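Read off the chains here:
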Amino acid sequence: MIVATVGGAGVPVDEVDAREARLRDGPLAAALPAPGTSEGRQLRRWLTQLIVTERVIAAEAAALGVTDTDAPGESELLPDATARLEIGSVAAAALANPLARNVFVSITADVDVSDADVAAYHARNPLRFAAPAAGGDGWCRPAAAAPTLDDVRPQIAEHLRAAARRKAFRVWLDARRAALVRLAPGYEHPGDPRQPDNTHRH
């Protein structure tokens, strides 16, 4: 059975089965939903998304002439939980692969932010990069005054540039998946409102 195609090439259900089996044999097995349940089917949909994303990235890497050598570390592109949320769980999982990280670098190399963006961010968030003041007994307290724009310009520019690059990669990846990927019934995106397991419960 084929669960998806990527550029016309089929993804067999055996590949999803193997990924799921590895997860269920791993250290996070107890946290996984039971097979055959609504949540278990959603896990398989998510794994399908990851597999097709990896294939899209591999195809794009070949087209761009990108290899997996000298890739930046995963934490350089995704330094914290906020960055992972921004880019999405599938893209974040795909970026565990050095090839994907080098594609990220290639796709986002020209992304930058303007001086006006940096100044506007500082005006909205004057204390964002302020160093905490020393308090008593080893505690720190919030800074009493905001640093000047010139004092924190490099940190703000890097913060905004990194966020802009994550957004650019996410938008690019979404577009490439839309162009190349076709999903079989039952293996739709987990968030697709047309599939029966995408229900909102409290």
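Residues numbered from 1 in each chain as written. Predicted model: local features only at pLDDT ≥ 70, side-chain atom pairs only at ≥ 80, totals over all residues. Heavy atoms only, no water.

The protein chain appears in an unreviewed UniProt entry as Malonyl CoA-ACP transacylase from Mycobacterium celatum.

A. Summary view of the packing of helix H2 (residues 38-64) against helix H8 (residues 149-180). Orientation of H2 relative to H8, taken along the N-to-C sense of each, is 100°, at an axis distance of 10 Å. Put simply, H2 runs roughly perpendicular to H8. Residues Thr53, Val56, Ile57 and Glu60 of H2 lie in contact with H8, whose contacting residues are Phe169, Trp172, Leu173, Arg176, Arg177 and Leu180. Class assignment for the residues of the contact of H2 with H8 results in six nonpolar, one polar and three charged. (Axes fitted to C-alpha atoms, helices over the stretch in contact; angles between N-to-C directions. Helix = DSSP H or I, 4+ residues; strand = E, 2+ residues; numbered from the N terminus. Parallel < 35°, antiparallel > 145°, perpendicular 65-115°, else oblique. Contact = heavy atoms within 4.5 Å. Nonpolar A, V, L, I, M, F, W, Y, C, P; charged D, E, K, R; others polar.)

B. Up close: the confidence of the model for the protein chain. Confidence in the prediction of the protein chain, expressed as mean pLDDT, is 94, and 99% of residues score 70 or more. Taken element by element, the predicted model of the protein chain shows its lowest mean pLDDT in strand E3 (residues 133-134) (78) and its highest in helix H6 (residues 98-108) (98). (pLDDT = per-residue confidence, 0-100.)

C. Representation of the packing of aromatic side chains in the model. Summed over the entire model, instances satisfying the criterion amount to two aromatic pairs. Consider the rings of phenylalanine 104 and phenylalanine 169, whose centres lie 5.0 Å apart with planes at 45°: the pair is tilted. Of the two residues, phenylalanine 104 sits in helix H6 while phenylalanine 169 sits in helix H8, which places them 65 residues apart along the sequence. With respect to burial, phenylalanine 104 and phenylalanine 169 carry one shared label: buried. A connected cluster of aromatic rings, assembled from ring pairs, spans Phe104, Phe169 and Trp172. (Phe/Tyr/Trp six-rings, centres within 6.5 Å; stacked < 30°, edge-to-face > 60°. Buried < 20%, exposed > 50% of the residue type's maximum accessible area, 1.4 Å probe, protein only.)

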